[in-house]
Amino acid sequence: MITIGLLGCGNIGHIIGNYRGTWKIAALYDRIPEKAEELARLTGGTAYDDFESFISADFDLVVEAASGKAVRSYADTILCHGKDLVVMSVGALADPSFKDEIVATAGSRGRRIYIPSGAICGLDNLKVAQISPLTRLLLRTTKSPASLGIAATERTLVFEGKANDCIKEFPRNVNVSVALSLACGRDADVELYVDPSVERNVHEIFAEGAFGDLYIRVSNLPSPDNPATSYLAALSILSLLDHIGNPLVVGT
Ligand SMILES: NC(=O)c1ccc[n+]([C@@H]2O[C@H](COP(=O)([O-])OP(=O)(O)OC[C@H]3O[C@@H](n4cnc5c(N)ncnc54)[C@H](O)[C@@H]3O)[C@@H](O)[C@H]2O)c1
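Residues numbered from 1 in each chain as written. Predicted model: local features only at pLDDT ≥ 70, side-chain atom pairs only at ≥ 80, totals over all residues. Heavy atoms only, no water.

Before going further, it helps to examine the side chain of Asn173. In this fold, Asn173 is placed in the loop between helix H8 (163–169) and helix H9 (175–184). In this structure Asn173 comes out as buried when scored by relative accessible area, which is 18%. Apart from the residues lying within four places of it in its own chain, the contact partners of Asn173 are Lys143, Ser147 and Leu148. (Helix = DSSP H or I, 4+ residues; strand = E, 2+ residues; numbered from the N terminus. Buried < 20%, exposed > 50% of the residue type's maximum accessible area, 1.4 Å probe, protein only. Contact = heavy atoms within 4.5 Å.)

Following this line, the structure appears as structure tokens:
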């Protein structure tokens with residue numbers, strides 16, 4: 001059974017902690033120790049109040065569900081301690097030199113870094129773009145003004161440009177644009193809208209290339225127990241953890 005160290009015990013941490021998967025949460029760490037302790041009581045894992053003790057504990061991989069800052073602070077140490085790493089705050093990898101650095105560390109240590117599909121679909125076969133480059137790659141995301149902390153009374157374009165710039169302006173809201181860019185091997189174009197009439201986060205992917213073209217539209221409902229997190233993003237991390245290490249690998 002795969003054993004997990006959970007880094008970050010907030011919304012996503014609770015969704016992971018409440019699911020009974022084919023793996024076990026062995027260790028937990030949060031910069032707010034009470035949060036790790038509370039989730040430790042639920043999962044039966046051990047809460048640590050300092051990162052060094054957490055990362056020195058005996059488990060297989062770290063699931064990061066904390067922040068981009070946590071990824072930048074801890075990724076290298078995690079890999080150097082012989083743990084694989086699942087990154088939810090994938091926006092941290094928008095910095096090419098940081099990404100190259102941790103990928104090199106993972107390679108030299110024989111470790112793996114996993115990026116869940118999160119709140120979108122299609123990353124599996126869009127990786128063909130690394131073989132046959134796309135002529136168009138656009139992510140159009142629409143969210144409620146409240147979710148971005150913006151006041152708007154009508155549909156408004158709040159960002160148009162590259163994913164690696166969009167994540168700097170909206171570090172918690174467009175992780176999917178960076179995941180898409182990493183899958184395709186190029187910085188995706190992004191249009192970010194706020195729309196007071198939408199109740200769901202909508203992600204539309206437009207891609208064109210030698211293969212033809214595709215359009216994917218995902219309209220995300222919130223998690224039943226956790227309105228702050230899209231249910232698809234929550235399911236995506238649970239599915240990734242359930243399938244890590246499976247002998248049969250489908251849709252990669
Ligand atoms: N890839 C995706 O599709 C996707 C989807 C949803 C959320 N996310 C990202 O996942 C991360 C977690 O989301 P959430 O909704 O659970 O957030 P949250 O705010 O509910 O929980 C984050 C937890 O991590 C802790 N934390 C933050 N920084 C830390 C640090 N440096 N060290 C230790 N603990 C730290 C916080 O105290 C908090 O308990 C966020 O960065 C979010 O942007 C990604």
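Picking up where we left off.
Not every one of the 25 residues close to the ligand is listed here, only the nearest: Asn11, Ile12, Asp30, Ser89 and Asn175. One of the backbone N or O atoms of Arg31 is found 3.1 Å from a nitrogen atom in the ligand. Coverage of the ligand by the protein chains reaches 87% of its 870 Å² of free accessible surface. Only helix H1 (11–18), helix H4 (68–80) and H9 provide two or more residues apiece to the shell around the ligand. Taken together, the residues that form the shell around the ligand break down as 13 nonpolar, eight polar and four charged. Two domains share the shell around the ligand, each providing at least three of its residues, namely domain 1 (2–114 + 234–243) and domain 2 (123–220). (Near = heavy atom within 4 Å. Polar contact = N/O pair within 3.5 Å; in protein donor to acceptor, adjacent residues only side chain to side chain. Areas by Shrake-Rupley, 256 points an atom, 1.4 Å probe, with all protein chains shown as cover. Nonpolar A, V, L, I, M, F, W, Y, C, P; charged D, E, K, R; others polar. Domains from an automatic or database assignment.)

This part takes up the side chain of Lys143. Topologically, Lys143 is positioned in strand S7 (residues 136–143). No salt bridge is formed by the buried Lys143. Its closest oppositely charged neighbour is Glu204, at 13 Å. One polar contact links the side chain of Lys143 to the main-chain carbonyl oxygen of Asn173, over a distance of 2.9 Å. If we ignore the near neighbours within four places in the chain, the residues touching Lys143 are Leu148, Asn173, Tyr193, Val194, Asp195, Val198, Asn201 and His203. (Lys, Arg positive; Asp, Glu negative; His and termini not counted. Salt bridge = Lys/Arg side-chain N within 4 Å of Asp/Glu carboxyl O.)

On to the packing of aromatic side chains. In this structure the tally under the stated criterion is eight aromatic pairs. For the pair Phe206 and Tyr215, a centre-to-centre distance of 4.9 Å together with 40° between the ring planes defines the contact as tilted. With relative accessibility at 44%, the residue Tyr215 sits in the partly exposed group. Ring pairs connect the aromatic residues Tyr29, Phe51, Phe54, Phe59 and Tyr74, which therefore count as one cluster. Above the face of the Tyr193 ring, Arg155 is positioned so that its terminal group lies 4.0 Å from the ring centre. (Phe/Tyr/Trp six-rings, centres within 6.5 Å; stacked < 30°, edge-to-face > 60°. Lys NZ or Arg CZ within 6 Å of the ring centre and 35° of its normal.)

Nothing here speaks to function; it is all geometry.
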